[in-house]
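# Structural overview
The residues making up each chain are set out below.
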Amino acid sequence: MRTASLRRTCAALAAVTSLALAATACGGTTKEDVRNEGGAAASAGKADPNAATKKGLTVGFLPKQVNNPYFTSADKGGEKAVKELGSSFKEVGPTSATDTAGQVSYVNTLTQQQVDAMAVSAQDPGALCTALKQAMKNDIKVVTYDSDTKPDCRNAFVSQASAEDLGRTEVQLLAEQIGYKGEIAILSAAQTATNQNTWIEFMKDELQDPKYKDMKLVKVAYGNDDAQQSFQQTQGLLQEYPNLKGIISPTTVGIKAAAQYLSGSKYKGKVKLTGLGTPNDMRKYVKNGTVEAFELWDPSKLGELAARTAIALASGQITGQEGETFTAGAMGEYTIGEDGVINLGKPTVFNAENIDQFDF
Ligand code: RAM
């Protein structure tokens, strides 16, 4: 019988050598491997909601980008929960939101280190799949949080809110601010980012509604979650489209850089800006009249839910199947939805009236 430790040795081998070589050295594919291949939908074994929460596990967090305050906050939430549950936390990850090869090698590193579970915010929907499947084959539970991969490449996805709600409400917020009229642009993160691209699809769909007939999306620009590139892209948008009335930036790095540019320019208060930002980053731009309203969820709660999901998976309380439920500590009970998606909840809209109530 194949033991977990043998599988893990093979994982380490696969991570450092070619997959084919590892498969040969480890005796090829087993029935169990095949069962595991399906990810969320086909996870091996049945969930036991009454199983004890395992302690002494190691959970690795791999954000899109380590030096992004949004992920610092998310991963701190994850760390706190992992420690509270009696397990060990580690964080690895690239400094650039476009270093997909770097993310792949961090997945392989975590596999080699034989962590029990990993929580990953994917820079790209497909690029991490082979590495993540290899991790799952080796008994490592894989949770994506914030930005998903394909459903068969992870056990569950912890989503910040409904992607549809986020996309549609950002258009609604901007439409109200510009009186449903004029040219608008989107300043996104990386061109491959699963989360931003999903939200943008819903924004485009929302714009099809006849009530937006006088609004026109003229461009989607990419600032790569880099402050300087996002600042320059904002400047470029205003040069290219002098009649621009508003910008939606569904990234905390992008919206902050765009606000910084607008606030020091003649467009301050005239070109409207909304999207997803942290209250702490955006406070001064709300107070100085650059930004009226924007939205976000609490990143530390997202990290906490990712950690609790990872540990529930590693403890056998859930497998990632639709309909399974689990208790995420004081956060309460969560039910796994279609395709293994778990929704954190509703985002909050921040404006001059409520922004001082939030500190993240
Ligand atoms: C950035 C990242 C992250 C996204 C937030 C809103 O920090 O792109 O993935 O969820 O913005």
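Residues numbered from 1 in each chain as written. Predicted model: local features only at pLDDT ≥ 70, side-chain atom pairs only at ≥ 80, totals over all residues. Heavy atoms only, no water.

### Notes on helix α5 (residues 100–112)
Put simply, the rule reads: By the criteria applied, helices consist of DSSP H or I runs no shorter than four residues and strands consist of E runs no shorter than two, each listed in order from the N terminus. Helix span is expected to be 1.5 Å times the residue number reduced by one. The buried label applies to any residue whose accessible area, calculated with a 1.4 Å probe on protein chains only, is under 20% of its type's maximum; exposed applies above 50%, and partly exposed to all values in between.
With 13 residues, α5 extends 18 Å between its outermost C-alpha atoms, agreeing within 8% with the 18 Å of an ideal straight helix rising 1.5 Å per residue. Of all the residues in α5, the buried ones are Thr100, Gly102, Gln103, Val107, Asn108, Leu110 and Thr111. Positioned one or two residues after α5, Gln114 has a phi angle of 60 degrees, which is positive.

### Focus: the environment of Met203
Mapped onto the elements, Met203 comes out in helix α8 (residues 194–207). When its relative accessible area of 0% is taken as the criterion, Met203 is described as buried. Sequence spacing of Met203 and Val171 is 32 residues, and the spatial spacing of their C-alpha atoms is 6.0 Å.

### Observations regarding empty space enclosed by the protein
The criterion, for reference: Buriedness for pockets is judged along seven lines, at least five of which must meet protein on both sides within 12 Å for an open set on the 1 Å grid over protein atoms alone, while cavities are sets there where a 1.4 Å probe fits but cannot get out, and lining residues have an atom within 4 Å of a point. Grid points are joined across faces, edges and corners, and a volume is the space filled by probe spheres set on the points. Under the convention adopted here, Pro, Cys and the residues Ala, Val, Leu, Ile, Met, Phe, Trp and Tyr are nonpolar, Asp, Glu, Lys and Arg are charged, and Gly plus all remaining residues are polar. The domain limits used here are those given by an automatic or database domain assignment.
Tallied over the entire structure, the rule returns one cavity of 30 Å³ or more. Reported here for the largest cavity is a volume of approximately 100 Å³. For the largest cavity, the lining is made up of 15 residues, of which Tyr70, Asp146, Gln196, Thr251 and Thr252 are closest to its centre. Looking at the lining of the largest cavity, the elements that each hand over two or more residues are α4 (69–84) and α8. If you tally residues by element for the lining of the largest cavity, the top one is α8, at three residues. Looking at side-chain class alone, the lining of the largest cavity contains seven nonpolar, five polar and three charged residues. Taken domain by domain, the makeup of the lining of the largest cavity includes at least three residues from each of domain 1 (34–160 + 299–344) and domain 2 (163–296).

### Details of the pairing of strand β9 (residues 272–275)
Rules: The pairing criterion for strands is at least two bridges between them, as found by DSSP.
In β9, alternate side chains face the same way, and those of Lys272 and Thr274 on one face and Leu273 and Gly275 on the other are all buried. Note that strand β8 (residues 244–249) and β9 share four bridges and pair parallel. When the bridges of β9 are listed, Ile248 appears paired with Thr274.

### What to know about the site of the ligand
Stated formally: We call a residue near a molecule or strand as soon as one heavy atom of that residue lies within 4 Å of the molecule or strand. Definition of a polar contact: a pair of N or O atoms within 3.5 Å, with one able to donate and the other able to accept a hydrogen when the atoms are protein atoms, and with sequence-neighbouring residues admitted only if both atoms are side-chain atoms. Only the protein chains shown count as cover for residues, and the accessible areas themselves come from Shrake-Rupley with a 1.4 Å probe. Think of it this way: a molecule belongs to a cavity or pocket when more than half its atoms come within 2 Å of the grid points there.
The local shell around the ligand holds 15 residues, among which Lys64, Asp146, Gln196, Asp225 and Thr252 are the closest. Side-chain polar atom of Asn195 to an oxygen atom of the ligand: 2.9 Å apart, as the coordinates give it. The side chain of Gln196 places a nitrogen or oxygen atom 2.9 Å from an oxygen atom of the ligand. In the complex, the protein chains occlude 100% of the 290 Å² of accessible area that the ligand would expose alone. In a pocket analysis with a 2 Å cut-off to the grid points, the ligand is assigned to the largest cavity. Among the elements of the structure, α4 and α8 are those that each provide at least two residues to the shell around the ligand. Here the shell around the ligand gets three residues from one element, more than from any other, and that element is α8. Counting contributing residues, the shell around the ligand receives three or more from each of domain 1 (34–160 + 299–344) and domain 2 (163–296).

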